[in-house]
Amino acid sequence: MYFLKIRITKLDLNLFLMALGIILSLYFHVSTQNNIANRDKKNIENERNNIRTMFAYEISYNQSNLRLLNSTKTAGFNYDACQNEACEPSAVELNSFANIRLNILNTLRDDVYTIYLPKIYLLDQNEVSLIMNYYYSQKSLMNNSIDIQKELPKNRNNKKWLEQKTDILNHAFENEYSLGEEILRMYKTHVPKEALDKL
């Protein structure tokens, strides 16, 4: 009888140790999986922040060019020729400074957009929407600018053509400018310090 008690106790101890081993290995497995999930989440957030920073730098560069144009909108503007009350100077007025303004517009960049487009899905939906609208607007602005620059020498004295093209260009410019400002406000923490003063 004594032999049977020792055997049962020994069997319970082996069973207990085996159960303990299974529970510990399960605990370590779950803990490792949680650590991997947390690390992956951190990596994705770091990648998101890197993408935001890259967009912030490129858009900041573009906005500095657009701000330059916006600050010179009264240059070459003929107030005397302005007949109606709603007449305002345009940052992209096709006057004597048209070639300079069009050249500045043609320096806008979209390299970051081209590179990071496959990873844009990592960003939040509102960010993606703003960025897509910004670069769509930029493409429209640049295409209009290039087309106008090609036709400008032939139409330099055609007042109606100049007014129509200024309106088209001005609409695209205003849209691009406001979207850029909105994105830079949203990406305040990712914007270069020198650009923060201008926001």
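Residues numbered from 1 in each chain as written. Predicted model: local features only at pLDDT ≥ 70, side-chain atom pairs only at ≥ 80, totals over all residues. Heavy atoms only, no water.

Turning to helix α2 (residues 98–105), a few remarks are in order. Residue pairs three or four apart in sequence face the same way in an α-helix, which turns once every 3.6 residues. Of all the residues in α2, the buried ones are Ala98, Arg101, Leu102, Ile104 and Leu105. All buried residues of α2 project into a common sector of 160° when viewed along the axis, lining one side. (Buried < 20%, exposed > 50% of the residue type's maximum accessible area, 1.4 Å probe, protein only. Helix = DSSP H or I, 4+ residues; strand = E, 2+ residues; numbered from the N terminus. Arc of directions from axis to C-beta.)

Applying the stated criterion across every chain yields a total of 4 aromatic pairs. Arranged with centres 4.5 Å apart and planes meeting at 15°, the rings of Tyr113 and Tyr135 form a pair that is stacked. One end of the pair, Tyr113, is in helix α3 (residues 111–116); the other, Tyr135, is in helix α4 (residues 125–155), and 22 residues separate them in sequence. Among the residues examined, Tyr135 registers a relative accessible area of 4% and is labelled buried. Aromatic side chains Tyr134 and Tyr135 sit 4.9 Å apart centroid to centroid with 85° between the ring planes, which places their arrangement in the edge-to-face category. The exposure class of Tyr134 is buried, given its relative accessible area of 0%. Cation over ring: Arg109 sits above Tyr61, and NZ or CZ is 3.6 Å from the ring centre. (Phe/Tyr/Trp six-rings, centres within 6.5 Å; stacked < 30°, edge-to-face > 60°. Lys NZ or Arg CZ within 6 Å of the ring centre and 35° of its normal.)

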